[in-house]
Amino acid sequence: MTKKDSALHSQYIIDGIRYDATPAELLSECMKDGDFPLQTGQRFDDIIDESTDPPVTSFRYDSAYDLQYIEECSREAVKERFFRLLYPQAFTRQRVAKALTDRIWNKGHFRLGNLDLWAKWSWNIRPLGNMAAFYQSVEAASSYIFDLGVKLNDYVYEETDSESNLEFYAWLPEKEADSSDEGQDEISLKDSPFQSRHPWISEERCASRLRPDASDWLIYIPFDTCSYRIGGSLLAQTQGHNGGIGPHIQDPDYFIDCYEVVRELVEDGIVIAGATVSDGGLATAAASMCGECGAILDLSGLMASYQETDRTRLLFSEIPGVLIQITDNDYDYLDSQLLLQDVAYYPVGHPDPESSGISFKESRRADVAGILASLLEQASEGED
């Protein structure tokens, strides 16, 4: 690999449109310590490229094969995943969300705004459309990170002859300890709506495997309000195609609300076990929580809320979010906390001590999610 300043400091012309800001200037807007030092005195040639849209697909998934899809996606989810060049904005936001959400499970006391991000683009510049995808990725990263109230501590760009890739890493930066809190590894920060004044974090994490108690609940909380789409997903990748339209991840304010309330539930010990919903979607997150204990999933309420008839789409769409396990006794408390913050949640099943994998059931009862969807529909009709 080689480092190239030209990709960061050049002007880009994509599809005949000249963009005012260079990638380095875009990233400087979300850098931690003011503007990142920009290149001065040296001019680079314009980079001219064309964006590439994903082809229309008529491929249909069959929910009868959902268990097979889960097995295939679970095998791929543990491998390095290369950049989805046809979906630069969505994939970049997914990578940012995954890095931040993976930290939500750490024991400690912190909020989203206390975290820093590091990024690395490893890029193959040769194929048509790759540099357009790079610019769109940087643009998406800069705006999403800025809107989330997180800071980019540093980034790296390198050229490669192999597959393009993008990595993000989130952590709590070390700062001078507050002397008034002796015996605690805490950090003194100015007050902020999205920061803890004395944040601290440990390497100990919330459990990632299910506790074998059939009375516990599995709760799914998506961190964005976008529609469920398969395009660019791990499922589409395992099936050898692109999957059509991808999810339009676009609601950083809602991500913040979801993150903060789930972070408090983890810190308070309400969450028994949890998994980040990212590569492979809800289905792969559920499978990752299964060990000696399996899970019975019922997506009836989720499907009713989104008025979605395709279970596979809900299972494998890669909308940022979490899947958590709580006790039956804590259900009412979780309900009150999430409703207080206007955060939507969906009970999607229970642990299954009698199995070691995923199984499905369908319920036709009018559960909370179904009732809420019905009320929202009635309210909408009443406004006409």
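Details of the structure are given in the entry above.
Residues numbered from 1 in each chain as written. Predicted model: local features only at pLDDT ≥ 70, side-chain atom pairs only at ≥ 80, totals over all residues. Heavy atoms only, no water.

(A) Looking closely at the sheet that holds strand E3 (residues 47-49). Taken in spatial order, the three strands of this open sheet run E2-E1-E3, and their pairing is mixed. Each having just a single partner strand, strand E2 (17-19) and E3 make up the two edges of the open sheet. On average, each strand axis in the sheet is inclined to that of its neighbour by 20°, with strand direction left out of account. Summarising the sheet, strand E1 (residues 12-14) and E2 pair through three bridges and their orientation is antiparallel. The partner of Ile-14 across the bridge, within E2, is Ile-17. Across the sheet, helix H5 (residues 130-148) touches E1, E2 and E3, and the angle it forms with E1 is around 110°. (Pairing = 2+ DSSP bridges. Helix = DSSP H or I, 4+ residues; strand = E, 2+ residues; numbered from the N terminus. Axes fitted to C-alpha atoms, helices over the stretch in contact; angles between N-to-C directions. Contact = heavy atoms within 4.5 Å.)

(B) Inspection of the packing of helix H3 (residues 66-77) against helix H8 (residues 281-289) at higher detail. Look at H3 against H8: their axes get within 9 Å of each other, and the N-to-C directions meet at 75°. Taken together, the axes of H3 and H8 lie roughly perpendicular to each other. Here Ile-70, Cys-73, Ser-74 and Ala-77 of H3 come into contact with H8, specifically with Ala-283, Thr-284 and Ala-287. In the contact of H3 with H8, the residues fall into five nonpolar, two polar and no charged. (Parallel < 35°, antiparallel > 145°, perpendicular 65-115°, else oblique. Nonpolar A, V, L, I, M, F, W, Y, C, P; charged D, E, K, R; others polar.)

(C) How the structure looks around helix H11 (residues 331-340). Within the span of H11, buried status applies to Tyr-331, Leu-334 and Leu-338. In an axial view of H11, the angular spread of the buried residues amounts to 65°, which keeps them on one side of the axis. Within H11, the exposed residues directed more than 90 degrees away from the buried face are Asp-332 and Leu-340. Packed against the buried residues of H11 are strand E9 (217-222), helix H7 (252-267), strand E12 (321-326) and strand E13 (346-352). Asp-342 sits one or two residues past H11 and shows a positive phi near 55°. (Buried < 20%, exposed > 50% of the residue type's maximum accessible area, 1.4 Å probe, protein only. Arc of directions from axis to C-beta.)

(D) Quick peek at the environment of Arg-111. Its location among the elements puts Arg-111 in the loop between strand E4 (106-109) and strand E5 (116-123). The exposure class assigned to Arg-111 is partly exposed, which follows from its relative accessible area of 25%. Separated by 148 residues in sequence, Arg-111 and Tyr-259 have C-alpha atoms that sit 8.2 Å apart. Within the local environment of Arg-111, its side chain forms a polar contact with the side chain of Glu-260, the two groups lying 3.1 Å apart. (Polar contact = N/O pair within 3.5 Å; in protein donor to acceptor, adjacent residues only side chain to side chain.)

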